[in-house]
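Remarks on the overall topology
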Amino acid sequence: MGMTVGIVGLGTMGAGIAQVCLEAGHAVVGVDGSAEARARGLETVARGLDRRVDKGRLEADARDAALARLTAAEAVAGLAECDLVVEAIAELPEAKHALFAELATVTRPDAILATNTSAISVTGIAEASGRPGRVVGLHFFNPAPVMPLVEVVRTALVEDEAYAAALAFAEGLGKEAVPCPDTPGFIVNRILVPMLNDAVRALAETGADPADVDRAMKAGAGWPMGPLALIDLIGVDVQVHASEAIAAGLGDAAYAPHPLLLEMLAEGRLGRKTGHGFHDYARP
Ligand code: 3HC
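Given the structure is predicted, the values throughout are model-derived calculations rather than measurements.

Before going further, it helps to spend a moment on the overall build of the protein chain. From N to C terminus, the protein chain includes eleven helices and eight strands. Compactness check: the protein chain gives a C-alpha radius of gyration of 19 Å against a globular reference of 19 Å for 284 residues, within 12% of the reference. With respect to the principal axes defined by its C-alpha atoms, the protein chain has extents near 55 × 45 × 30 Å. The proportion of buried residues among the 284 residues of the protein chain is 47%. Within the protein chain, residue pairs in contact and separated by at least 24 positions form 65% of the contacts whose partners lie at least 6 positions apart.

Encoded structure:
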């Protein structure tokens, strides 16, 4: 039976997660405070579903039915009926803490509240909500409609029933649901984020061409895309925030973002989303 899923933040990740939930038969309420972001997010979801139809993976009728299950709201007050909410806003701990405190006041007491954070403490978010027994991490990977993994992050505070329901929800989306303890970067980012920083270090210290760094790691290490292209995909801002969160969480400066990434962040060279990163892109 389809559930009603709230998605807060309709950027790249929120829109991708919304698409996945719709394809699995759930109803989705997408929330974004900015009218422009809301319109853009809904358009991204529709484009993603169209892409499935073009590829022959989804019937046109099923796309229309999925779009009919998608609504948008300006504020979290629109999430009162949701069974589960996934937060996918910017990686700012204070903003997430404030949002979860608000979510706990507007959602049903039995609703599951999930964060898609890359590296911020889920326990901290759970505590800030005032309803820690219902809070989990559901960490999707970019692009969410394509990448099979969802890390299902467990805190010491979550109720067994809520965690089991979150795990079943992720499996029901057709994803590879992997249980993860709530430690900095969980599993994938604990390994991947330092590797991506090392790729930037290699670029800066060897003078190799960025395209060659990527070509080498694809052809020599079997990566589906090069590490610099991958930073451009996930966003320099996300890579910086994830590095800083893991460094702070582990108390180990070795995980800090490479200075070149901080320069790119200051210049607004964030990767695909701004049209320029290590490589140039047509604006989305
Ligand atoms: N949105 C939706 N679908 C997309 C897409 C996107 N942005 N990019 C590609 N696709 C789809 C294509 O339509 C195609 O679908 P099909 O199989 O139905 O035809 C499929 O993905 C494969 O795409 P392509 O053939 O165009 O290109 P590739 O074979 O090179 O695959 C890729 C693209 C899937 C992005 C692949 O390069 C890849 O796996 N890259 C690594 C991505 C990765 O590591 N992501 C995780 C980042 S870390 C993260 O997200 C955590 C965060 O917390 C930091």
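That was the structure; now back to the text.
This paragraph deals with the site of the ligand. Lining the immediate environment of the ligand, one finds 17 residues, of which Lys55, Arg57, Ser118, His139 and Asn142 sit closest. At a separation of 2.6 Å, an oxygen atom of the ligand approaches a polar side-chain atom of lysine 55. Protein contact buries 67% of the 1,000 Å² of open area that the ligand shows by itself. Contributing elements (two or more residues each) for the shell around the ligand: helix H7 (188-206) and helix H9 (227-234). Grouping the constituent residues of the shell around the ligand by class yields ten nonpolar, four polar and three charged. Mapping the shell around the ligand onto the domain boundaries places at least three of its residues in each of domain 1 (4-181) and domain 2 (189-267).

This part is about the packing of H7 against H9. Where H7 contacts H9, the axes come no closer than 9 Å and their chain directions differ by 120 degrees. Classified by the angle between their axes, H7 and H9 sit oblique to one another. Crossing of H7 over H9 shows left-handed handedness. On the side of H7, the interface is formed by Leu192, Leu196, Ala199, Val200 and Leu203, while H9 contributes Pro227, Leu228, Leu230, Ile231 and Ile234.

For the structure shown, the criterion picks out 15 salt bridges. Salt-bridge contacts for aspartate 83 lead to arginine 108; the nearest nitrogen and oxygen are separated by 3.0 Å. Taken as a pair, aspartate 83 in the loop between strand E3 (70-73) and strand E4 (84-87) and arginine 108 in the loop between helix H4 (93-106) and strand E5 (112-115) lie far apart in primary sequence, 25 residues in all. The salt bridge involving glutamate 91 is made with lysine 96; its shortest N-O contact spans 2.8 Å. Each of Asp50, Arg63 and Asp64 takes part in salt bridges that share partners, so that together they form one network.

To continue, consider the state of the cysteines. When the sulfur atoms of two cysteines share a covalent bond, that bond is a disulfide. This model, assessed by the stated rule, comprises zero disulfides. Free cysteine: cysteine 21, not disulfide-bonded; nearest cysteine sulfur from cysteine 82 at 10 Å. For cysteine 180, which is in no disulfide, the shortest distance to another cysteine sulfur is to cysteine 21 and amounts to 18 Å. Relative accessible area serves as the criterion here: at 2%, cysteine 180 is assigned to the buried category.

Turning our eyes to something else, we now look at the packing of aromatic side chains. Two measures describe an aromatic ring pair: the distance that separates the ring centres and the angle between the ring planes. The final tally for this structure, using the stated rule, is zero aromatic pairs. Stacked on the ring of tyrosine 163, the Lys or Arg arginine 154 has its end atom at 4.4 Å from the ring centre.

What counts and what doesn't
- Residues numbered from 1 in each chain as written.
- Predicted model: local features only at pLDDT ≥ 70, side-chain atom pairs only at ≥ 80, totals over all residues.
- Heavy atoms only, no water.
- Helix = DSSP H or I, 4+ residues; strand = E, 2+ residues; numbered from the N terminus.
- Rg over C-alpha atoms; globule rule 2.2 N^0.38 Å.
- Buried < 20%, exposed > 50% of the residue type's maximum accessible area, 1.4 Å probe, protein only.
- Contact = heavy atoms within 4.5 Å.
- Near = heavy atom within 4 Å.
- Polar contact = N/O pair within 3.5 Å; in protein donor to acceptor, adjacent residues only side chain to side chain.
- Areas by Shrake-Rupley, 256 points an atom, 1.4 Å probe, with all protein chains shown as cover.
- Nonpolar A, V, L, I, M, F, W, Y, C, P; charged D, E, K, R; others polar.
- Domains from an automatic or database assignment.
- Axes fitted to C-alpha atoms, helices over the stretch in contact; angles between N-to-C directions.
- Parallel < 35°, antiparallel > 145°, perpendicular 65-115°, else oblique.
- Left-handed = near helix turned anticlockwise from the far one by under 90°.
- Salt bridge = Lys/Arg side-chain N within 4 Å of Asp/Glu carboxyl O.
- Disulfide = S-S within 2.5 Å.
- Phe/Tyr/Trp six-rings, centres within 6.5 Å; stacked < 30°, edge-to-face > 60°.
- Lys NZ or Arg CZ within 6 Å of the ring centre and 35° of its normal.

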